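# Summary of the model geometry
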Amino acid sequence: PNPNPNPNPNPNPNPNPNPNPSPSPSPNPEPETFPAVPGLSLYHDAIPPELLPRLEEAVDRWLVAGRKGHLPGRTYAAPPAIFSNRNQSREMIQFGAFTHSNRLDVNAGVAPLPPVLRELRAALAARGVFREDALPDCCTVNVYSPGCWLPPHVDNRGFARPFATVSIGSAQSVLFAPPGRMRERGQDTSDPNPIPNPNPNPNPNP
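About the cut-offs
- Residues numbered from 1 in each chain as written.
- Predicted model: local features only at pLDDT ≥ 70, side-chain atom pairs only at ≥ 80, totals over all residues.
- Heavy atoms only, no water.
- Helix = DSSP H or I, 4+ residues; strand = E, 2+ residues; numbered from the N terminus.
- Buried < 20%, exposed > 50% of the residue type's maximum accessible area, 1.4 Å probe, protein only.
- Contact = heavy atoms within 4.5 Å.
- Areas by Shrake-Rupley, 256 points an atom, 1.4 Å probe, with all protein chains shown as cover.
- Expected span 1.5 Å × (residues − 1).
- pLDDT = per-residue confidence, 0-100.
- Axes fitted to C-alpha atoms, helices over the stretch in contact; angles between N-to-C directions.
- Left-handed = near helix turned anticlockwise from the far one by under 90°.
- Nonpolar A, V, L, I, M, F, W, Y, C, P; charged D, E, K, R; others polar.
- Core = buried A, V, L, I, M, F, W, Y, C linked by side-chain atoms within 4.5 Å.
- Pairing = 2+ DSSP bridges.
- Lys, Arg positive; Asp, Glu negative; His and termini not counted.
- Salt bridge = Lys/Arg side-chain N within 4 Å of Asp/Glu carboxyl O.
- Polar contact = N/O pair within 3.5 Å; in protein donor to acceptor, adjacent residues only side chain to side chain.

### Side note on the overall build of the chain
When helices and strands are tallied, the chain shows three helices and seven strands. Each helix and strand of the chain, placed in order from N terminus to C terminus, yields the pattern β-β-α-β-α-β-β-β-α-β. Every one of the 206 residues in the chain was classed for burial, and the buried ones make up 24%. Within the chain, counting contacts between residues at least 6 apart in sequence, those at least 24 apart form 56% of the total. For the chain, the computed accessible surface area is about 14,400 Å², with 54% contributed by carbon and sulfur atoms.

And the structure:
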């Protein structure tokens, strides 16, 4: 008699159907880079999920306070009427430094970085966006309404590089291009599917 009732026993009680499993995805994948714009990197999901709603709540709170004039000095700025009438510009909440029309004024009275933005700064450093010895000490919160736009520009060189743009609330496209690659309607000639500039006037400073 056969002492084993199963004539074809499986020697592996927990067989792996995939003998070559794919490695687990890295918790910090490398950012996207763009050869047409040297130095530009795109980090996906760089904000910890538990921090994101607190950032959105803080921005809403700052907007309410700023519109009522309850933020110190020039921390809050509404777009000038000449801009808002043509949907240009945005509401700004500035911490650590003040800019107006891309002019930097480090002596203007604005609030320092609040705790939630210091947490964001630490999270970006942990993600590799900033070095620990080169953390930013200022932040501009731009609040765009639907359809708002800005003309092509280079941010003031008084700000040390690199700096980061963080999107919360919604995902939107931003067009980056090197000098001389922009058409008068705000299109990058290297892009086969250019993004139109919502400004109907080809001159951003009429």
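### Focus on helix α1 (residues 52-67)
Quick reminder: α-helices carry 3.6 residues per turn. Residues three or four places apart thus point the same way. With 16 residues, α1 should reach 22 Å at 1.5 Å per residue; the first-to-last C-alpha distance of 23 Å fits that figure. Among the residues making up α1, those that are buried are L55, A58, V59, W62, L63, A65 and G66. Taken from the residues just after α1, G69 is the one with a positive phi, measuring 80°.

### Notes on the confidence of the model for the chain
In the predicted model, the chain carries a mean pLDDT of 77, and 71% of its residues have values of at least 70. Under a pLDDT of 50 for its full length, residues 7-14 has, in the predicted model, two contacts with residues more than four places off or in other chains.

### Observations concerning the packing of α1 against helix α3 (residues 115-127)
At a closest axis distance of 10 Å, the pairing of α1 and α3 adopts a crossing angle of 145°. Helix-helix and strand crossings are classified by hand; for α1 and α3 the assignment is left-handed. Every residue of α3 that contacts α1 at R54, L55, A58 and W62 is listed here: V116, L117, E119 and L120. When its residues are assigned to classes, the contact of α1 with α3 shows six nonpolar, no polar and two charged.

### So, the nonpolar core
Counting 25 residues, the largest nonpolar core has W62, I93, F95 and L117 as the members making the most contacts within it. Listed by contribution, the elements that provide at least two residues to this core are α1, β4 (91-95), α3 and β7 (139-143). Apart from the residues within four sequence positions on either side, F95 is in contact with W62, T75, V110, A111, P112, L113, P114, L117, D137, C138, C139 and V141.

### Examining the sheet that holds β4
Spatially, the three strands line up as an open sheet ordered β3-β4-β7, and their pairing is antiparallel. The two strands at the open ends of the sheet, each matched to only one other strand, are β3 (76-77) and β7. Two elements, β4 and β7, share five bridges in a ladder whose sense is antiparallel. Looking across to β7, one finds that F95 is bridged to C139. In this fold α1 packs onto β3, β4 and β7, with an angle of close to 100° to the strand it touches most, β4.

### Focus: the environment of L55
By the element assignment, L55 lies in helix α1. Under the relative-accessibility criterion, L55 is labelled buried at 4%. Non-local contacts of L55, meaning those with residues more than four positions away in its chain, are made with I47, V116, L117, L120 and I168.

### A word on unusual backbone geometry
With an omega dihedral of 0°, the bond running from R161 to P162 counts as a cis peptide bond. Summarising the element assignment, P162 is placed in the segment after β7. Positive phi, normally seen in glycine, also occurs at D45, with a value near 50°. With respect to the helices, strands and loops of the structure, D45 is situated in the loop between β2 (41-42) and α1.

### Some points on the environment of N107
Following the sequence through the fold, N107 ends up in the loop between β6 (103-105) and α3. A relative accessible area of 72% places N107 in the exposed class. Separated by ten residues in the primary sequence, N107 and A97 place their C-alpha atoms 7.5 Å from one another.

### Side note on the side chain of R90
Considering the arrangement of structural elements, one finds R90 in the loop between α2 (81-84) and β4. Of the side chains bearing the opposite charge, D155 lies closest to the buried R90, which forms no salt bridge; the N-O distance is 6.7 Å. Looking at R90, its side chain comes within polar contact range of the side chain of S89, at 3.4 Å. In contact with R90, other than residues within four places in its own chain, are A77, P79, N142, V143, Y144 and L150.

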